Amino acid sequence: MPAQFSAKPSPMLLVKFLVSLALTWLWAGLLAPMGAAQTPQSLETMPLIVESENGTHHFTVEFANDPEERSIGLMFRKEMPEDHGMLFDMGMPVRASFWMKNTDLPLDLIFIKTDGTIANIGTGVPHQISPPVQSRGRVLGVLELNEGTAKKLGIKPGDRVLHPIFNNWDSEKETQPK
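Residues numbered from 1 in each chain as written. Predicted model: local features only at pLDDT ≥ 70, side-chain atom pairs only at ≥ 80, totals over all residues. Heavy atoms only, no water.

Caption draft 1: Highlighting the overall build of the protein chain. When you go through the protein chain residue by residue, the secondary structure sums to 3 helices and 9 strands. Each helix and strand of the protein chain, placed in order from N terminus to C terminus, yields the pattern α-β-β-α-β-β-β-β-β-β-α-β. Taken over 178 residues, the protein chain has a buried fraction of 40%. Sequence-distant contacts in the protein chain: of pairs separated by 6 or more residues, those separated by 24 or more amount to 71%. When the accessible surface of the protein chain is split by element, carbon and sulfur atoms take 57% of a total near 10800 Å². (Helix = DSSP H or I, 4+ residues; strand = E, 2+ residues; numbered from the N terminus. Buried < 20%, exposed > 50% of the residue type's maximum accessible area, 1.4 Å probe, protein only. Contact = heavy atoms within 4.5 Å. Areas by Shrake-Rupley, 256 points an atom, 1.4 Å probe, with all protein chains shown as cover.)

Caption draft 2: Inspection of the pairing of strand β2 (residues 55-64) at higher detail. Of all 10 residues making up β2, 8 are buried, and the element is well covered by its neighbours. Of the strand pairs in this sheet, strand β1 (residues 45-52) and β2 are connected by 8 bridges, and their pairing is antiparallel. Its bridge partner lying in β2, Pro 47 is registered against Thr 60. Pairing of β2 with strand β3 (residues 84-94), which is carried by 5 bridges, proceeds in the parallel orientation. (Pairing = 2+ DSSP bridges.)

Caption draft 3: View of unusual backbone geometry. In this chain, Ser 130 is followed by Pro 131 through a cis amide linkage whose omega measures -5°. Examined against the element boundaries, Pro 131 turns out to sit in the loop between β6 (118-124) and β7 (133-134). A positive phi angle, close to 60°, is found at Asn 102, a residue other than glycine. In this structure, Asn 102 sits in the loop between β4 (97-98) and β5 (107-112). Since its relative accessible area comes to 18%, Asn 102 is described here as buried.

Right under this line is the structure:
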């Protein structure tokens, strides 16, 4: 009698595979970076403006626009000037989800729709992995500022962020951050 083979793996084999995959991900994502060099990245900077009821607020932001830059973000930073931040260009509208692994700074995470309107603002707690800080709906960008900046300046959902990725930046009219 010829041997019969099933194309369907046994449930136990599938469980072992998934556990192995999860442990590999856990080691690679959480434990391996502990021994890695803890050097913050330095990215291109550009101006960004937030228009709120309290006025116009100018920032200098580092621009993270590829997967590697976005995955590192502000990790390993010990300080950031008050009028600085990092803008994440998601490349297309997505439901964004951020965690704070290896991030020492408490942050405001400002989730921005494709037209530059602020969808929601979350708080990033240093080294918090779960639960992630999430957008409410699809967003094109996420602006990270020092924690408390949004409240201090009166920035809130519905306010407008001006930057070239939102197609609302007039390079002739807009000025450098003050």
